[in-house]
There are 4 protein chains.
Amino acid sequence: MVNVGIIGATGYAGAQLVYLLSNHSGVAITYLASHSYAGKKFSTVYPSMQGLCDLVLEEEDLQKASQRCSVLFLALPSPMASDLVSEEILNRCIVIDLGADFRLSDSLTYETWYKAKHGSKELLAKAVYGLCELNREKIQSASLIANPGCYTTCSILTLSPLVGENLIDRSTIIIDSASGVSGAGRAEKTASLFCECNESCKAYGVTTHRHTPEIEQELSRIAGETLLVQFTPHLVPMNRGILSTCYASLKKGVTEQQIEEAYRKWYGNEPFIRLMGSSLPETRFVKGTNSCAIGWVVDHRTNRVIAVGAIDNLMKGAAGQAVQNMNIRCNLGEQTGLVACVANPL
Amino acid sequence: MVNVGIIGATGYAGAQLVYLLSNHSGVAITYLASHSYAGKKFSTVYPSMQGLCDLVLEEEDLQKASQRCSVLFLALPSPMASDLVSEEILNRCIVIDLGADFRLSDSLTYETWYKAKHGSKELLAKAVYGLCELNREKIQSASLIANPGCYTTCSILTLSPLVGENLIDRSTIIIDSASGVSGAGRAEKTASLFCECNESCKAYGVTTHRHTPEIEQELSRIAGETLLVQFTPHLVPMNRGILSTCYASLKKGVTEQQIEEAYRKWYGNEPFIRLMGSSLPETRFVKGTNSCAIGWVVDHRTNRVIAVGAIDNLMKGAAGQAVQNMNIRCNLGEQTGLVACVANPL
Amino acid sequence: MVNVGIIGATGYAGAQLVYLLSNHSGVAITYLASHSYAGKKFSTVYPSMQGLCDLVLEEEDLQKASQRCSVLFLALPSPMASDLVSEEILNRCIVIDLGADFRLSDSLTYETWYKAKHGSKELLAKAVYGLCELNREKIQSASLIANPGCYTTCSILTLSPLVGENLIDRSTIIIDSASGVSGAGRAEKTASLFCECNESCKAYGVTTHRHTPEIEQELSRIAGETLLVQFTPHLVPMNRGILSTCYASLKKGVTEQQIEEAYRKWYGNEPFIRLMGSSLPETRFVKGTNSCAIGWVVDHRTNRVIAVGAIDNLMKGAAGQAVQNMNIRCNLGEQTGLVACVANPL
Amino acid sequence: MVNVGIIGATGYAGAQLVYLLSNHSGVAITYLASHSYAGKKFSTVYPSMQGLCDLVLEEEDLQKASQRCSVLFLALPSPMASDLVSEEILNRCIVIDLGADFRLSDSLTYETWYKAKHGSKELLAKAVYGLCELNREKIQSASLIANPGCYTTCSILTLSPLVGENLIDRSTIIIDSASGVSGAGRAEKTASLFCECNESCKAYGVTTHRHTPEIEQELSRIAGETLLVQFTPHLVPMNRGILSTCYASLKKGVTEQQIEEAYRKWYGNEPFIRLMGSSLPETRFVKGTNSCAIGWVVDHRTNRVIAVGAIDNLMKGAAGQAVQNMNIRCNLGEQTGLVACVANPL
């Protein structure tokens, strides 16, 4: 049994993680911390997990945590994780950070987009970007895993085969995404109130959303050259789910068959990627699962490909992928404790 | 491995059942039928289960089914199951009927409330009412299990200890329930359209809902005398969930402690019943689970008890309980393939 | 033109009031206050009213307000209004209080249920309970109008004819209500977040909700004797709407015709009451309107009547009725600026 | 008073039209037809309009209708209107068609995208495209007004100033839109069921949606040259609302000020267009109104403009604009019977 701990356990991603780890056959939760609810039972905050996890929440203390756990999950606001993690901690335990602090390898990019000072630049070189399907090998030996963002996971997985197989004009990528409200977290903000979100749809963070440089970094790596993307997130009145509709102009002569082959080549054997071809995914098809469903259509009139990806933002977009990363790193069986399918309607 | 089949696999309860059985370690699906979609792959109708269940749907044929399966689940509109099931079928396999045809032991009551002719009255004596927590012993040897209705499961479980321990005036029971829209099924009806249900709440079937006699039958059995209940269902804009708010006048001198003790006595060791005392349940606390969460409050001003129960109508209210019944009957471990908790928000 | 002012203009009820008054042909808004947003334009807080109301919000100052307005609407948390209103203010202008401070004529009852000290008990005798259909005459000359609560408006209107015509056993009244989330207001509370309300239904304030004594006070007045009611509110995932399902045992020999006649007698000519008989109301039927829709069914098995009322909690349950009260009091035409119907789906 | 009639009165757009016309001070409804509900009272189908419109629905009969009305609104599925309307009808009354049959001036384009035969090609030259803000003058004398589609209204209004002032590269236009479910109409389709739409988001009609050629036709007219657009609609779980997020590369040297000036120049005095600059619109800001709210942001990194438009699909996207067209055509005051603002949450 692997001893695991979670810091930031009462946010939505943290709670999903508690659920997954409590049901995981290979691990035992030995540390659970929450700044807001320290001293309370976890199941008092989440009555839906009464009986499953009744541990008492502790104050956030990375030192203590790292002594009790071999894998430590962080779900903290930026730049807190970068202030807390250290070489010493990493020598003692594997850290999987669900936040953004170790995702961008260039600290200047981080500080520009996050408007915050990074607290441990020296560790950035150690961090592995934990997009499992693309970085599986590096993850196997990483001590610091930067769990990708929700929009980024969905967008990168959807676009990688097109970029990697050189099928599209890399200057034309536009990613138009929609997210359920749990992506905004559990903070008490007017904008997250039921009556402010329900029965409405809006774009937000237009041109400034922090997932932009993360998508650009990973797609640039795959492309072997620097590229920019246009990324626009939207808020949609549902609990969970991300849909990314991605546009790009096709390179001259690229056929539908080549696109199909690219997706098969990259993801044909992936347990958590569901290729749907021209019958496009809906977010409900992956709700509650760790899957990313991908479909695509070629528009011969405009010579563009429209590729659509769907994930559950709290699962493949956060806690699910964190568990997948742990499974890979600790050799627990990549699919252990994760489901790939769901019975609709959920 | 137990061979199982489902007739009516593409309705919401049927599809939830396919999901549960596909993930169940002790069974193999060997027959799947749907009148509307015969000839199609199940996963074409439910793309969210691609890879999990890609069986081709067959025409509904109980003869064929009973030869291929040892447990057969029926999810059919009334009174179809009563027309199809026979002594001969029951000799060959165990039938778990998710419909209403074998729930009422009195065929006259059935025909009055369902306005339909019952097709196999001779089998009614054989049928066991499959409310697992209350009829576990009988279920263990039943060949025909009548899986309870959604409202009924929730209402009976919530009220049984109060009725059974003789704590309330049995003539004063009022059950006010709310259900998510999946309870109306997948039929193409105007009243089930998104725009007819969303942003609204209504009572329906007032004084005439068919779950009324079912609740009365079971509570009367427990009471040892005939009782009537007032049952009013409401429709609420959510996918899943049933909440039953139950009112009754307390017998003279009954204390809160007696009520607490009654619930502990009846359900203290039940894996799928979550007692919440005065911190009342919300339907999201049991979404996607096979649990029934129950809370209660005494009003000293009015001398009434208000007991509130919550279930997921497709799980404990249909497919989940059906699997629980199979587990009990086939000795597969009552909790196998079922979860009791959920990570909110889902 | 009547000069009107609103204190507490940026809550949901306040904003609805600003909307109604801005479109009202007989009034001019001359004062608008909000503690949280003082100094900002109203339409910055509510961009949906850009061009309709671009007034700058002032600090809450009843003295100033009462000098600038002849009608003053208060939408403040308890017991603030009771601390601010005075004889002097009332001499200068008519006060319509959307809060609870002047609804209960007995200050002890107020202080028991609201757990707060009432700041102006001497004014309670002056206050008129502004349920327009029942108190129209008194409202015409009132200087202090206590605008009823949302649940109370719906419940009292639904039950009054049954109580007033002596058709039911007054000790058996149970009111089971559901409300949309806007009833919880715009405060930043975890429980009001989208992801905490969406896809769920719950009872709350069971046995302790503050609208209970208000309903009892008014129904007791109508009955001519003290009665108690059992009132249970529920939260439902929708923006607006209240549905009250009311139960009572019929007096011996009472017929359906008598019930029908009672409703016709009490409400036959009311512009904002829509009698629906046995085709029960849904909350969407009155969304955005000032109407209360009422239906009823008799259960001959149990000898009970089930009467169902529906209103829009921000309209007939708050701002709409406040305008109706103003219209009556200031002789502006009772229906001016209010609609009775809506085009579904809204 | 202008006598008006509606054919197809019980669909969602038709019902919204009935509501608007019933409340309109300058018209009287003298004809109301519905194939599905002929013989029933309109308010039986829409109980929310009881008392407002209790007319009996007639069988659809254009001859009879045109004799009773001076303005006739059609809300029929394609290509029905094209089969029914004739020169003779147009001589007798003004026709405002909410369907698609007279929107595309090229019948070949119509037949390609709609896969249907156009029944009255000879009338196409007479038809005026009723996008009020852009074609006001022509509408004033039209006998056949083609009321624009919902997505098209929103997209064209959002993009026209950018195209018309030559600020963008016309080959780079991508329109990513989201719609509430009422856009799918009231037909009994599985895909429109509550449980199939709720808690999900999907793209649909990718590369093939019929509003594409309509957008291209109008933007090409404005551009003075043929252009193509990439248009992708999405379905979002809400009743009403369309959001169009429009992308285009800026022409060299174009500044934010030029963009702002373009929008002011085109729409500065429009009563139903709300310019929001960089504080982008949300669909709830225009729910229930006839307004189109527009915002825009320039991305200097990518040299693109992202312009976002929002409308209510049943109002400015259908019935509201139809009334606006009638108002212009019949000189009734363009804003009569229409609102521009709303009180959130609605």
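What counts and how
- Residues numbered from 1 in each chain as written.
- Chains lettered and ligands numbered in written order.
- Predicted model: local features only at pLDDT ≥ 70, side-chain atom pairs only at ≥ 80, totals over all residues.
- Heavy atoms only, no water.
- Contact = heavy atoms within 4.5 Å.
- Buried area = accessible area lost by both parts, 1.4 Å probe.
- Salt bridge = Lys/Arg side-chain N within 4 Å of Asp/Glu carboxyl O.
- Least-squares fit on C-alpha atoms with pLDDT ≥ 70 in both.
- Polar contact = N/O pair within 3.5 Å; in protein donor to acceptor, adjacent residues only side chain to side chain.
- Helix = DSSP H or I, 4+ residues; strand = E, 2+ residues; numbered from the N terminus.
- Nonpolar A, V, L, I, M, F, W, Y, C, P; charged D, E, K, R; others polar.
- Domains from an automatic or database assignment.
- Pairing = 2+ DSSP bridges.
- Axes fitted to C-alpha atoms, helices over the stretch in contact; angles between N-to-C directions.
- Expected span 1.5 Å × (residues − 1).
- Buried < 20%, exposed > 50% of the residue type's maximum accessible area, 1.4 Å probe, protein only.

At the interface, 29 residues of chain A touch 30 residues of chain B. Summing the contributions of chain A and of chain B, the shared interface buries around 2,500 Å²; its carbon and sulfur component is 59%. It is A:Ser48, A:Pro345 and A:Leu346 in chain A that bury the most area against chain B; as a group they hold 25% of the surface buried on that side. Counting every contact that joins chain A to chain B gives zero salt bridges.

The next subject is the relation of the copies chain D and chain A. What relates the pair of chain copies is a rotation about an axis plus a shift along that axis. By a simple turn and slide, chain D fits onto chain A: the slide is 0.0 Å along the axis, the RMSD is 0.0 Å, and the turn is 180°. The transformation relating the two chain copies, once decomposed into turn and shift, fits a two-fold axis. Most of the interface of chain D is mirrored in chain A: 100% of its interface residues are interface residues there too.

What follows is about the interface of chain D and chain A. If you look at the interface, chain D gives 47 residues, while chain A gives 47 residues. With a shortest N-O distance of 2.5 Å, D:Arg301 and A:Glu216 are connected by a salt bridge. Scanning the region where chain D abuts chain A turns up 28 residue pairs in polar contact (both at pLDDT 80 or more). When residues in the side of chain D that touches chain A are grouped by element, the largest group, four residues, is from strand S7 (residues 174–179) of chain D. Each residue belonging to the side of chain D that touches chain A can be placed in one class, and the counts come to 23 nonpolar, twelve polar and twelve charged.

Our next topic: the domain arrangement of chain A. Where the parts come together, the accessible area they lose is often given as the size of the interface. Residues and elements named next belong to chain A. If you check the domain split of chain A, you get domain 1 (2–126) and domain 2 (151–311). The C-alpha centroid of domain 2 is placed 27 Å from the C-alpha centroid of domain 1. Every contact between the two is made by twelve residues of domain 1 and, on the other side, 14 residues of domain 2. Summed over both partners, the interface of domain 1 with domain 2 buries about 1,200 Å², with 51% contributed by carbon and sulfur atoms. Linking domain 1 to domain 2 there are one salt bridge. With a closest N to O distance of 3.2 Å, glutamate 214 and arginine 103 form a salt bridge. At the surface where domain 1 touches domain 2, the tally comes to six residue pairs in polar contact (both at pLDDT 80 or more). For the side of domain 1 that touches domain 2, the secondary-structure elements that each account for two or more residues are helix H1 (12–22) and helix H6 (107–114). The leading source of residues in the side of domain 1 that touches domain 2 is H6, at three residues. For the side of domain 1 that touches domain 2, the residue count by class is seven nonpolar, four polar and one charged.

To summarise the sheet geometry, strands pair through backbone hydrogen bonds and adopt either a parallel or an antiparallel arrangement. All names here are of chain B. Taken in spatial order, the seven strands make up an open sheet running S8-S9-S7-S10-S13-S12-S11, and their pairing is mixed. If you trace the sheet from one side to the other, it starts and ends with strand S8 (202–203) and strand S11 (273–277), each paired once. When strand S7 (residues 174–179) meets strand S10 (residues 242–249), the two strands line up antiparallel, connected through six bridges. Bridging across to S10, isoleucine 174 finds its partner in tyrosine 247. On the sheet, helix H8 (residues 150–164) packs against S7, strand S9 (230–235), S10, S11, strand S12 (292–299) and strand S13 (304–311) and is oriented at approximately 140° with respect to S13.

Residue and element names in this part refer to chain C. Helix length check: helix H8 (residues 150–164), at 15 residues, gives a terminal C-alpha distance of 21 Å against a target of 21 Å (1.5 Å per residue), a fit within 8%. Here H8 lies mainly inside the structure; 14 of its 15 residues are buried. Trailing H8 by a residue or two, asparagine 166 shows a phi angle of about 60°, which is positive.

Here the focus is unusual backbone geometry. Cis geometry is adopted by the peptide bond preceding A:Pro345, which originates at A:Asn344 and carries an omega value of -5°. In the Ramachandran plot, A:Asn303 falls in the positive-phi region, its phi being about 60° despite a non-glycine side chain. Here A:Asn303 shows up in the loop between strand S12 (292–299) and strand S13 (304–311). Positive phi outside glycine occurs at B:Lys115, with the angle close to 50°. Position of B:Lys115 relative to the elements: it lies in the loop between helix H6 (107–114) and strand S5 (128–129).

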